[in-house]
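The chain contents come next:
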Amino acid sequence: MGRLFIKLIGLILLFVGLYFFGQNIIFVSGYYSFFYRSAPATGSVLAIMAGIFSLVFFPRQTGSFGWVLLGLGIVLVFLSGGVILRPTSLWSFCVAFTALATGYKLLNQGRINF
């Protein structure tokens, strides 16, 4: 019972950290008059979908390639201008990062080593 409670706390902390980070990220889409201007946005969606598909359905055969596709998709999202990062305070960043790191550690190992 205690181990389940610790994992639940870890999951909650992980979601709290993602919430604090997610408040300062804005995803936008735009209208492009020429087809080649939307190529990074289209490529990012296709790369992320292919990466997730390969990691979920073929983890042994294409595991490394799936991570490469996910990374490429994230880079293309930033290149397409579809992500706006708002300024954040140092305090908010520290709270979010601490919650993410602590939640991940509790979820995986069930304890925090100081």
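This is a predicted model, so every value here is computed, not measured. (Residues numbered from 1 in each chain as written. Predicted model: local features only at pLDDT ≥ 70, side-chain atom pairs only at ≥ 80, totals over all residues. Heavy atoms only, no water.)

S.K.: Would you mind showing me how to read the overall build of the protein chain here?
M.R.: Scanning the protein chain for helices and strands turns up 4 helices and 2 strands. Tracing the protein chain from N to C terminus, the helices and strands come up as α-β-α-α-β-α. When the 114 residues of the protein chain are sorted by exposure, 23% land in the buried category. Long-range contacts, defined here as pairs at least 24 residues apart, represent 74% of the contacts in the protein chain between residues at least 6 apart. By element, 75% of the accessible surface of the protein chain is carried by carbon and sulfur atoms, the whole surface being about 8700 Å². (Helix = DSSP H or I, 4+ residues; strand = E, 2+ residues; numbered from the N terminus. Buried < 20%, exposed > 50% of the residue type's maximum accessible area, 1.4 Å probe, protein only. Contact = heavy atoms within 4.5 Å. Areas by Shrake-Rupley, 256 points an atom, 1.4 Å probe, with all protein chains shown as cover.)

S.K.: I keep staring at helix α4 (residues 90-109) and nothing clicks. Help me out?
M.R.: In an α-helix, one turn spans 3.6 residues, which is why side chains three or four residues apart end up on the same side. For α4, built from 20 residues, the straight-helix expectation of 28 Å at 1.5 Å per residue is met to within 8% by its first-to-last C-alpha distance of 28 Å. Looking only at α4, the buried set comprises Ser 92, Ala 96, Ala 99, Leu 100, Gly 103 and Leu 106. For α4, the buried positions fall inside an angular range of 145° around the axis, keeping them on one side. Away from the buried face of α4 by more than 90 degrees, exposed residues Leu 90, Trp 91, Phe 97 and Tyr 104 are located. The elements touched by buried residues of α4 are α1 (2-22). One or two steps after α4, the chain reaches Gly 110, where phi turns positive at roughly 80°. (Expected span 1.5 Å × (residues − 1). Arc of directions from axis to C-beta.)

S.K.: Mind showing me how you'd approach helix α3 (residues 59-79) here?
M.R.: Under the 1.5 Å per step criterion, the end-to-end length of α3 is 28 Å for 21 residues, consistent within 8% with the ideal 30 Å. Roughly 35° is the biggest bend found in α3, and it falls at Phe 65. By the burial criterion, the buried members of α3 are Gly 63, Gly 66, Leu 69, Leu 70, Gly 73, Leu 76 and Val 77. (Bend = angle between axes of the 7 residues up to and from the residue.)

S.K.: What's the story with the environment of Leu 4 in this structure? I'm lost.
M.R.: Among the structural elements, Leu 4 can be located in helix α1. Accessibility expressed as a relative area gives 62% for Leu 4, which makes it exposed. With 106 residues separating them along the chain, Leu 4 and Gly 110 place their C-alpha atoms 9.0 Å apart.

S.K.: Help me understand the packing of aromatic side chains, please; the structure alone is not making it clear to me.
M.R.: The geometry of an aromatic ring pair is captured by the separation of the ring centres together with the interplanar angle, meaning the angle of the planes. Counted under the stated rule, the structure contains 3 aromatic pairs. Ring plane angle 65° and centroid distance 5.7 Å describe the contact between Phe 21 and Phe 93, whose orientation is recorded as edge-to-face. Highlighted residues: Phe 21 in helix α1 and Phe 93 in helix α4, separated in sequence by 72 residues. For Phe 21, a relative accessible area of 25% puts it in the partly exposed group. The exposure class assigned to Phe 93 is partly exposed, which follows from its relative accessible area of 39%. Taking 6.1 Å as the distance between ring centres and 15° as the angle between the ring planes, the aromatic pair formed by Phe 93 and Phe 97 counts as stacked. With Phe 93 and Phe 97 both in helix α4 and 4 residues apart, the pair spans about one turn of that helix. Taken together, the ring pairs connect Phe 21, Phe 93 and Phe 97 into an aromatic cluster. (Phe/Tyr/Trp six-rings, centres within 6.5 Å; stacked < 30°, edge-to-face > 60°.)

S.K.: Explain the packing of α1 against α4 here, please?
M.R.: Where α1 contacts α4, the two axes come as close as 7 Å, and the packing angle between them is 150°. Regarding the angle of α1 to α4, the classification is roughly antiparallel. Relative to α4, α1 is oriented so that their crossing is left-handed. Residue composition of the contact of α1 with α4, by class: 18 nonpolar, 6 polar and 2 charged. (Axes fitted to C-alpha atoms, helices over the stretch in contact; angles between N-to-C directions. Parallel < 35°, antiparallel > 145°, perpendicular 65-115°, else oblique. Left-handed = near helix turned anticlockwise from the far one by under 90°. Nonpolar A, V, L, I, M, F, W, Y, C, P; charged D, E, K, R; others polar.)

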